[in-house]
Amino acid sequence: MKIAFLDRSTIGPTVQISKPAFAHEWIEYNNTSPQEVLERLHGVQICITNKVALNRAILSQLPDLKLICIAATGFDKVDIAACDELGIVVSNVRDYAVNTVPEHAFALIFALRRSLIGYRQDVINGAWQKSGRFCFFNHPIKDLAGSRLGIIGSGTLGKETARIGSALGMDVVFAERKGAEGVRSGYTSWQEVLTTSDVISLHTPLTPETRNMISVAEFEAMTQKPILINTSRGGLVEEAALVHALEKGQISAAGFDVLTTEPPQADNPLLSILDRPNVIVTPHVAWASEKAMQTLWNQLISHMENFYEGTPSNAVGQTGSLKERLCEH
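Parameters at a glance
- Residues numbered from 1 in each chain as written.
- Predicted model: local features only at pLDDT ≥ 70, side-chain atom pairs only at ≥ 80, totals over all residues.
- Heavy atoms only, no water.
- Helix = DSSP H or I, 4+ residues; strand = E, 2+ residues; numbered from the N terminus.
- Buried < 20%, exposed > 50% of the residue type's maximum accessible area, 1.4 Å probe, protein only.
- Areas by Shrake-Rupley, 256 points an atom, 1.4 Å probe, with all protein chains shown as cover.
- Lys, Arg positive; Asp, Glu negative; His and termini not counted.
- Charge placed at Lys NZ, Arg CZ, Asp CG, Glu CD.
- Pairing = 2+ DSSP bridges.
- Axes fitted to C-alpha atoms, helices over the stretch in contact; angles between N-to-C directions.
- Contact = heavy atoms within 4.5 Å.

Colleague: Run through the overall build of the chain, naming residues and quoting values.
Modeller: A count of helical and extended segments in the chain gives 12 helices and 11 strands. C-alpha atoms of the chain, sized along the principal axes, occupy 75 × 50 × 35 Å. Counting over 329 residues, the chain shows a buried share of 49%. Entry remark: accessible area of the chain is about 15,600 Å², with carbon and sulfur atoms responsible for 51%. Distance from the positive charge centre (29 side chains) to the negative charge centre (35 side chains) of the chain: 5 Å.

Here is the structure:
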């Protein structure tokens, strides 16, 4: 059996790349361009991909492919409908980042709420030294206790972020879906979360419904001038509108770990404001603590072994037994 890992470089170098227990041939590539996908998956039964896209045109030319293991929770890079039609099982990883993503979100929140970036740069530039004072007040410093944390997305990561916020004494509210006619028990209306939150943290998948869910109208509603945090998916926030909101003072700060295009292209408007003390952009690493990445990999291996034994796990698409399907070829 042939297994191909298309983008090994997306998994950190400290991860122990174990292999499934059943007999197989292992092929590993650091990166795979769109032009290389078809050739590299020819004759492959199991594909591992993180960010390499697999569309219908490609999948329809891979009759041997039986299982796609996605090294992530999001599966927007794989055409799930095509996989269902072609009998290809798709398994993703879940709950591996339950600590690392919320902790990263709060690292951004703490840094921005207390203006750590600005104060650090002041010391580097010598501003504190020149002031002649034992302390130096040049940026706003605000507590988290007693402030409101609005969370958009109530899945595992949203709930863990809420738990940390509650432990810090924050008033935590979950936003009802944008455009919802009613407000479910345990949720706060979308508009109220935008209007009253001191910090807004995004924890929702990227779908046609959530793309650009935060744009000009939403920023105009943020009368509390919150910190906006996105450790979820690029594309949830319209980036030009974000820059405009920062310039107009509609929000006080932005901490982003994800962008619409990664890595960002030269024309991304956020690149023009990276030197501001109230802006932090990290390179999609909220998920990437060493423990989380190892947990992710171990889960991928278990998906392959479970599927081989006829009990697919975390199946996003159609399920079935790999052993039975291999007998068809």
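Once you've had a look at it, read on.
Colleague: Please set out the sheet that holds strand S8 (residues 199-202) residue by residue, giving values where relevant.
Modeller: The strands making up a sheet associate through hydrogen bonds between their backbones, and the pairing can be parallel or antiparallel. Strand order in this open sheet of 6 strands is S7-S6-S8-S9-S10-S11, and the pairing throughout is parallel. In this open sheet, the two strands that pair with only one neighbour each are strand S7 (171-174) and strand S11 (279-281). Neighbour-to-neighbour, the strand axes of this sheet turn through a mean angle of 15°, independent of strand direction. Pairing of strand S10 (residues 253-256) with S11 involves 3 bridges; the strand directions are parallel. Its bridge partner being in S11, Gly255 is matched across the sheet by Ile280. Relative to S10, helix H10 (residues 239-248) is tilted by about 150°, and along the sheet it contacts strand S9 (227-230), S10 and S11.

Colleague: Give me the lowdown on the sheet that holds strand S3 (residues 46-49), citing residues and values where you can.
Modeller: Spatially, S2-S1-S3-S4-S5 is the arrangement adopted by the 5 strands of the open sheet, whose pairing is parallel. Unpaired on one side and paired on the other, strand S2 (25-28) and strand S5 (89-91) mark the two borders of the sheet. If you compare each strand with its neighbour and ignore which way they point, the axes differ by 15° on average. By the bridge criterion, 3 bridges tie strand S4 (residues 67-70) to S5 in an arrangement that is parallel. Across the sheet, the residue bridging to Cys69 is Ser91, located in S5. Against the sheet, helix H11 (residues 290-308) engages strand S1 (2-5), S2, S3, S4 and S5, with an angle of about 165° to S4.

Geometric values such as these leave the question of function open.
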